[in-house]
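What follows is each chain in one-letter form.
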Amino acid sequence: MSVPSAKSFHWQTLAPLPVGRVYCTPVESGGQLYLIGGCDEDGTPMSSCEVYSPEANQWTTLPPMPTPRAGVAVAALGKQILVIGGVGVHQNPLSTVEMYNVEEGKWEQKSSLSEAAMGVSVTVKDCRVYAVGGMGSDMYPQANLQQYDIMKDIWLSLPPMPTPRYAASTFLRGSKIHVFGGRQAKNPVTAFEVYDIEAKTWTRFPSIPGRRAFSSCVMTEKSFFSLGGLKQARGYKMPKFVRTVDVFDIEQGGWMKTERRLNMKKRRADFVAAYLRGRVIVAGGLGDQPAVLGSVEALHPAKNRWERLPPMPTARCTCSSIVFKNRLLVIGGVSHVLSNAVEALCLADS
């Protein structure tokens, strides 16, 4: 497969958000981009929801969510958007589940999760929603795996995950849900576990080689990538930002021994990572310098080397992101203050 050259990438500045925010959740439904909730500059969870029209390059405000919250898990089910858990206005995890009907423009209360949870990870397979992990009201990580039946409006409990955690990265491949990393309190988790939807069983895979917080995971056709992050130091030393890249070979079923040249050019954590047109992309985040990062890199799969791309127009960290219509959209986040920037990494032919 031919991959686009580094020179063919460029950034487009799109219509800004009505309000700068962080911890909002983007989701695509019917060729439109929806943005759900988030936190304002005071750290207060919001009920705001907008839809972005690429043709008009504008955000339209939708009816507000009945329950203001941030860091929600979201699943698109046909013309409906299911919004799960998150953090409420009292900074507490929520069990609340609400559904937005795109055609009717209305919100509806749905059956709650079995327990309040923030940092839930969601996967959709055959119109079934699988919600895994989370952090409960007691501040302990959860091992829950629940399946939502949209016809009956009920949550079914499935076999729990071997390692309790929240804010994990989940990827669906065939009929298997791959769960990477996440956190237990302030500690990063290295466990990599796979749930077989058909067999209803969990399998432990070799753990991520490095223990790093605020790293990112990306799935390609043949591999899983664990990228960068903040490495916890032993003793009284400060944690340090790293350039580390670990690669799991799906066919071989193990983590590859990687060369140093596969490391990213910049040390970074809390950054955007995505797979776009055959290339793993990383953008922004925090690094060794005191300011947020605007730098962007793309991995060339044949050369196994990172190449510099044009920097983001607005340097920032803690962004929301989504690959939408063959473009990587970077939304909101933190620059020196909360940002309302929306910028798209595009290719010349898109």
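Trainee: Pulling in residues and values, what's your account of the sheet that holds strand 9 (residues 106-110)?
Mentor: Pairing between the strands of a sheet comes from backbone hydrogen bonds, and it takes one of two forms, parallel or antiparallel. Sheet architecture is open: four strands sit in the order 6-7-8-9, paired in antiparallel fashion. Looking at which strands have only one partner, the edges of the open sheet turn out to be strand 6 (73-77) and strand 9. For this sheet, the mean inter-axis angle between neighbouring strands, taken without regard to orientation, is 25°. Here strand 8 (residues 97-101) runs beside strand 9; their pairing, made up of five bridges, is antiparallel. Each bridged residue has a counterpart across the sheet, and for Met99 the counterpart in strand 9 is Glu108.

Trainee: Can you tell me about the pattern of salt bridges, naming the residues and giving the values?
Mentor: For the coordinates displayed, the defined rule picks out twelve salt bridges. Ionic pairing is found between Glu108 and Lys110, a salt bridge with its closest N-O pair at 3.3 Å. Note on Glu108: relative accessible area 41%, which makes it partly exposed. Linking Arg279 and Glu307 is a salt bridge whose minimum nitrogen-to-oxygen distance equals 2.7 Å. Note that Arg279 is positioned in strand 28 (residues 279-285) and Glu307 in strand 30 (residues 305-309), a separation of 28 residues in sequence. According to the relative accessible area criterion, Arg279 is buried, its value standing at 0%. Where salt bridges share partners, they join Arg165, Glu193 and Arg204 into one cluster.

Trainee: Describe the pairing of strand 11 (residues 128-132), with residues and values.
Mentor: Strand 11 sits mainly inside the fold: four of its five residues count as buried. Counting the residues in the hairpin turn of strand 10 (residues 121-125) and strand 11 gives two residues, including Asp126, whose phi is positive at 50°. Here strand 11 pairs with strand 12 (residues 145-149) via four bridges, running antiparallel. Among the inter-strand pairings, Ala131 is bridged to a residue of strand 12, identified as Gln146.

Trainee: Lay out the side chain of Ser226 in plain terms, naming residues and giving numbers.
Mentor: When you line up the elements, Ser226 lands in strand 22 (residues 223-227). Side chain to side chain, Ser226 and Arg212 meet in a polar contact 3.0 Å long. Not counting chain neighbours up to four residues away, the residues in contact with Ser226 comprise Ile208, Arg212, Ser216, Cys217, Thr244, Val245, Asp246 and Trp255.

Trainee: Describe the state of the cysteines, listing the residues and the values that go with them.
Mentor: Applying the stated criterion to the full structure yields zero disulfides. Free cysteine: Cys217, not disulfide-bonded; nearest cysteine sulfur from Cys319 at 18 Å. Judged by relative accessible area, Cys217 falls into the buried class, the value being 16%. Cysteine Cys346 remains unbridged, with the sulfur of Cys319 as its closest cysteine sulfur at 16 Å.

Trainee: Describe unusual backbone geometry, naming the residues involved and giving the relevant values.
Mentor: Where the residue is not glycine, phi is negative for most of them; where a peptide bond is considered, it is trans in most cases. The phi dihedral of Ala167 is positive, around 55°, even though this residue is not glycine. Tracing the sequence through the fold places Ala167 in the loop between strand 13 (154-158) and strand 14 (169-173).

Trainee: Describe in detail the nonpolar core, supporting the description with residues and values.
Mentor: Ranked by size, the top nonpolar core spans 16 residues in total, and within it Phe9, Ile281, Val296, Leu309, Leu328 and Leu345 carry the most contacts. Broken down by secondary-structure element, the contributors of at least two residues to this core are strand 1 (9-13), strand 27 (272-276), strand 28, strand 29 (293-300), strand 32 (327-331) and strand 33 (342-347). Here this core takes three residues from strand 27, the largest share from any one element. Here Leu328 is in contact with Trp11, Val272, Ala274, Leu276, Ile281, Ser321, Ile322, Val323, Glu343, Ala344 and Leu345, once residues within four sequence places are set aside.

Trainee: Requested: an account of a positive patch on the surface, with residues and values cited.
Mentor: Judged by side-chain charge, Lys231, Arg234, Lys237 and Lys240 come together as a positively charged surface patch. Note that Lys231 resides in strand 23 (residues 230-231).

Trainee: Residues and numbers for the sheet that holds strand 15 (residues 176-180), please.
Mentor: Strand order in the open sheet formed by four strands is 14-15-18-19, and the pairing between neighbours is antiparallel. Two strands close off the open sheet at either side, each with one partner strand: strand 14 and strand 19 (201-205). Pairs of neighbouring strands in the sheet enclose a mean axial angle of 20°, with direction left out of account. Pairing between strand 14 and strand 15: five bridges, direction antiparallel. The partner of Leu172 across the bridge, within strand 15, is Ile177.

Trainee: Lay out the packing of aromatic side chains in plain terms, naming residues and giving numbers.
Mentor: What the rule picks out here adds up to 16 aromatic pairs. Judged by centre distance (5.8 Å) and plane angle (40°), the ring pair of Phe171 and Phe224 falls under tilted. Of this pair, Phe171 sits in strand 14 while Phe224 sits in strand 22; the two residues are 53 residues apart in sequence, bridging distant segments of the chain. Accessibility classification places Phe171 together with Phe224 in one group, the buried group. When the centroid spacing of 4.1 Å and the interplanar angle of 15° are considered together, the rings of Phe180 and Phe192 count as stacked. Remark: Phe192 occurs in strand 18 (residues 192-196) and Phe180 occurs in strand 15; sequence separation between them is twelve residues. Taken as a pair, Phe180 and Phe192 share a single burial class, namely buried. Among the aromatic residues, ring-to-ring pairing joins Phe171, Phe180, Phe192, Phe205, Phe224, Phe248 and Trp255 into one connected group.

Definitions and cut-offs
Residues numbered from 1 in each chain as written. Predicted model: local features only at pLDDT ≥ 70, side-chain atom pairs only at ≥ 80, totals over all residues. Heavy atoms only, no water. Pairing = 2+ DSSP bridges. Helix = DSSP H or I, 4+ residues; strand = E, 2+ residues; numbered from the N terminus. Axes fitted to C-alpha atoms, helices over the stretch in contact; angles between N-to-C directions. Salt bridge = Lys/Arg side-chain N within 4 Å of Asp/Glu carboxyl O. Buried < 20%, exposed > 50% of the residue type's maximum accessible area, 1.4 Å probe, protein only. Polar contact = N/O pair within 3.5 Å; in protein donor to acceptor, adjacent residues only side chain to side chain. Contact = heavy atoms within 4.5 Å. Disulfide = S-S within 2.5 Å. Core = buried A, V, L, I, M, F, W, Y, C linked by side-chain atoms within 4.5 Å. Patch = residues over 30% accessible without salt bridge, like charges linked within 9 Å, V, L, I, M, F, W, Y side chains within 5 Å. Areas by Shrake-Rupley, 256 points an atom, 1.4 Å probe, with all protein chains shown as cover. Lys, Arg positive; Asp, Glu negative; His and termini not counted. Charge placed at Lys NZ, Arg CZ, Asp CG, Glu CD. Phe/Tyr/Trp six-rings, centres within 6.5 Å; stacked < 30°, edge-to-face > 60°.

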